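Chain by chain, the residues run as shown.
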Amino acid sequence: MNREYKYMITSRQMKTKLSINYYYSVQILCKEECDSRFRVVYCKSFNKQDPDALDKANYHLSQMIKIYF
């Protein structure tokens, strides 16, 4: 079965009743032959309040690329 993968780091926000939290989200998406769209197979978020969040997200993405690609 043929699979196509995509990966990305996105900037996201999550609203709660008390506050709005901002995150960097690392996502791995997969689309198989029979699928018409990509589906998320892996997602991990890093809080932007951490000053090293983008560096951590980039490092984590590089580790996931080694596993999936």
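On a predicted model such as this, the values are computed, not experimentally measured, just so you know.

> Can you walk me through the pairing of strand β2 (residues 20-32) in this structure?
Regular strands place their side chains on alternate faces of the sheet. Across 13 bridges, strand β1 (residues 3-15) lies against β2 in antiparallel orientation. The residue bridging glutamine 13 from the neighbouring strand is tyrosine 22, located in β2. Linking β1 to β2, which pair antiparallel, is a turn of 4 residues. Across 8 bridges, the pairing between β2 and strand β3 (residues 39-47) is antiparallel.

> I'm lost on the nonpolar core in this one. Help?
For soluble globular proteins, nonpolar side chains are generally found buried alongside one another. Judged by nonpolar contacts, Val26, Ile28, Phe46, Ala53, Ala57, Leu61 and Met64 together constitute the single largest core of 7 residues. Where this core is concerned, the elements lending two or more residues are β2 and α1 (53-68). Looking at which element gives the most residues to this core, the answer is α1, with 4 residues. Discounting residues that sit within four places of it in the chain, leucine 61 has contacts with Tyr7, Ile9, Val26 and Ile28.

> When you look at α1 in this model, what are you seeing that I'm missing?
Given 3.6 residues per helical turn, the α-helix brings residues three or four places apart onto the same face. End to end, α1 covers 22 Å across 16 residues, agreeing with the expected 22 Å (1.5 Å per residue, within 8%). Three or more residues of α1 are buried, namely Ala53, Ala57, His60, Leu61 and Met64. Down the axis of α1, the buried set is contained in an arc of 105°. They therefore lie on one face. In α1, the exposed positions angled more than 90 degrees off the buried face are occupied by Asp55, Tyr59 and Lys66.

> Is there a simple way to explain the sheet that holds β3 in this structure?
Overall, antiparallel pairing links the 3 strands, which are arranged β1-β2-β3 in an open sheet. The open sheet has two edge strands, β1 and β3, and neither has a second partner. Direction aside, neighbouring strands of the sheet carry axes that sit 20° apart on average. Packing against the sheet, α1 makes contact with β1, β2 and β3, and its axis sits at approximately 155° to β3.

Parameters at a glance
- Residues numbered from 1 in each chain as written.
- Predicted model: local features only at pLDDT ≥ 70, side-chain atom pairs only at ≥ 80, totals over all residues.
- Heavy atoms only, no water.
- Pairing = 2+ DSSP bridges.
- Helix = DSSP H or I, 4+ residues; strand = E, 2+ residues; numbered from the N terminus.
- Core = buried A, V, L, I, M, F, W, Y, C linked by side-chain atoms within 4.5 Å.
- Buried < 20%, exposed > 50% of the residue type's maximum accessible area, 1.4 Å probe, protein only.
- Contact = heavy atoms within 4.5 Å.
- Expected span 1.5 Å × (residues − 1).
- Arc of directions from axis to C-beta.
- Axes fitted to C-alpha atoms, helices over the stretch in contact; angles between N-to-C directions.

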